[in-house]
Amino acid sequence: MKNYSNLNLMNFLTPGPSQLYFTVEDHIKKALKENICAISHRSKAFQQIVVHTISQIRQLMNIPEDYYIVFTASATEIWERIIQNLSIENSYHLVNGSFSKKFYDFSVSLKRKASKYEVALGQGFELADLPIPEQVELLCLTQNETSSGVSMPLSDIYELRKKFPNAIIAVDMVSSAPYPDLDFSQIDTAFFSVQKCFGLPAGLGVWIFNERCVEKSLALEKAGISTGTYHSISSLIKNIKNNETPETPNMLGIYLLGKVCEDMNRRTIQAIRTEISYKAGLMYYALRESKNFEIFVKEEKFRSKTVIVADVLQTPASTLINHLKEHQITVGSGYGAGKDKQIRIANFPTHSKETFELLADLLIKA
Ligand SMILES: *Cc1c(COP(=O)(O)O)cnc(C)c1O
């Protein structure tokens, strides 16, 4: 076994944490110089950082003005907050991998009547099949299932909105945002964490929700149901109205997210999406061309652009992964049962076309 001590030269194409966005190092240096980590989280200076970060996220993802954007510790936390604040009795989950399954598990733990419609790993959902009850309160969707590389077409999300106009629709877009051009008016709440496509150090979740979610959460409180403590919707919005957070937050993370979104806005979201599509096309082409791989997601319309999963046919996946490391590329291993049979390749905004072209070459030869 080789010792890869030259980690500084490595390109991490892992689906989270991943390679940092290429501007992050400079932003961290500047943040330290400006004492961002030492200022008070109740100061004017920090409030201005919050305003800046929220406005840059809003612009980048085209989030309507009347949707709240608040900060948590992680996306995992937001699963819990969504169940606590947006379901009185029941929730319904479309499950096709480990992350969508965990969202469901949280609802079970919090004693809601949680139901799921589950399909095998690598499959998507055919809308006609879904036995979702008419009176569903909270419909939980995972737009990009990171464990299997299955992505949900946005048109399917909008179709579900039409079919279930009274349900609150929650969208986990942790490993795809800001790639999907999601029309937020068609959903009620969405969320992501920053160590995936945003290329930032982990430890910050971003939760987006509309007035309907606020009303629902207040209705729960009125009925004497706990919505949690400091990160209930009511506590979060009371604070964010003053550009603050209930707790001492990850100030460095909030600062860096604003800076990276600003960089992405300068590059334009259209350019970022075009490049991700190009790199995804290249990678799926290479996987089709090589005899050593089979694309895991069979139906093209469900193939993720940001997390690309393939079965490795002729060698253990670990042998291939080590071979790629010699070329300064680290790809992700398979998830769970697929651990030594699959690779997962992150295709995030920071990953360059050149790295993808090199990886495609290596895979075709592998
Ligand atoms: C990574 C991931 C999460 C969890 O994010 P954390 O930041 O680890 O809490 C949730 N959902 C999906 C789809 C993910 O890929």
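Residues numbered from 1 in each chain as written. Predicted model: local features only at pLDDT ≥ 70, side-chain atom pairs only at ≥ 80, totals over all residues. Heavy atoms only, no water.

Under the convention used in this document: UniProt positions are given in the numbering used here, feature names are shortened, and annotations may be inferred rather than shown by experiment.
The protein has the name phosphoserine transaminase in an unreviewed UniProt entry, where Thermoflexibacter ruber is given as its organism. Under the heading Sequence similarities (unreviewed entry), UniProt records this for the protein: "Belongs to the class-V pyridoxal-phosphate-dependent aminotransferase family. SerC subfamily." Turning to the protein, the UniProt record has this under Cofactor (unreviewed entry): "pyridoxal 5'-phosphate".

1. What about the overall build of the protein?
Stated precisely, the cut-off is as follows: Only runs of H or I of at least four residues qualify as helices and only runs of E of at least two qualify as strands under DSSP, and these elements are numbered from the N terminus. Only C-alpha atoms enter the radius of gyration, while the globule expectation follows 2.2 Å times N to the 0.38, with N the number of residues. Exposure classes here rest on a 1.4 Å probe applied to the protein chains alone. A residue is buried below 20% of its type maximum, exposed above 50%, and partly exposed in between. Contacts were defined at the residue level, with two residues in contact if any of their heavy atoms lie within 4.5 Å. Each accessible area is a Shrake-Rupley estimate made with a 1.4 Å probe; only the visible protein chains count as cover when residues are assessed. Working convention for charge: Lys and Arg count positive, Asp and Glu count negative, and His plus the chain ends are omitted. The atoms used to mark charge sites are NZ of Lys, CZ of Arg, CG of Asp and CD of Glu.
Summing up its helical and strand segments, the protein has 11 helices and 14 strands in all. A globule of 366 residues ought to have a C-alpha radius of gyration of about 21 Å, and the protein, at 21 Å, matches this closely. Across the 366 residues that make up the protein, the buried fraction comes to 58%. Contacts spanning at least 24 positions in sequence make up 71% of the contacts within the protein whose residues lie at least 6 apart. Split by element, the accessible area of the protein, about 15,500 Å² in all, is 52% carbon and sulfur. Side chains of the protein give 40 positive and 39 negative charges; the mean places of these two sets differ by 3 Å.

2. Notes on the site of the ligand
Put simply, the rule is: Residue proximity to a molecule or strand is established when one non-hydrogen atom of the residue lies within 4 Å of it. Between N or O atoms, a polar contact is any pair within 3.5 Å; within protein, one atom must be a potential hydrogen donor and the other a potential acceptor, and residues adjacent in sequence are included only when both atoms are from side chains. Throughout, the ten residues Ala, Val, Leu, Ile, Met, Phe, Trp, Tyr, Cys and Pro are labelled nonpolar, Asp, Glu, Lys and Arg are labelled charged, and all others, Gly among them, are labelled polar.
Every one of the 13 residues lining the ligand counts as a neighbour, but Thr76, Thr146, Asp172, Ser193 and Lys196 are closest to it. Within the contact set of the ligand, an oxygen atom lies 2.6 Å away from a side-chain nitrogen or oxygen of Thr76. With respect to the ligand, the side chain of Thr146 contributes an N or O atom lying 2.4 Å from an oxygen atom. Look at the ligand: alone it shows 380 Å² of surface, and the protein chains cover 87% of it. If you tally residues by element for the shell around the ligand, the top one is helix α3 (residues 75-86), at three residues. By residue class, the composition of the shell around the ligand is four nonpolar, seven polar and two charged.

3. Some points on empty space enclosed by the protein
Definition in use: For each structure, a 1 Å grid was placed over the protein atoms alone; sets of points admitting a 1.4 Å probe that cannot get out are labelled cavities, open sets with protein on both sides within 12 Å along at least five of seven lines are labelled pockets, and lining residues have an atom within 4 Å of a point. Grid points are joined across faces, edges and corners, and a volume is the space filled by probe spheres set on the points.
Tallying each qualifying case throughout the model produces one cavity of 30 Å³ or more. The space that makes up the largest cavity amounts to roughly 30 Å³. The residue makeup of the lining of the largest cavity, split by class, is four nonpolar, five polar and no charged.

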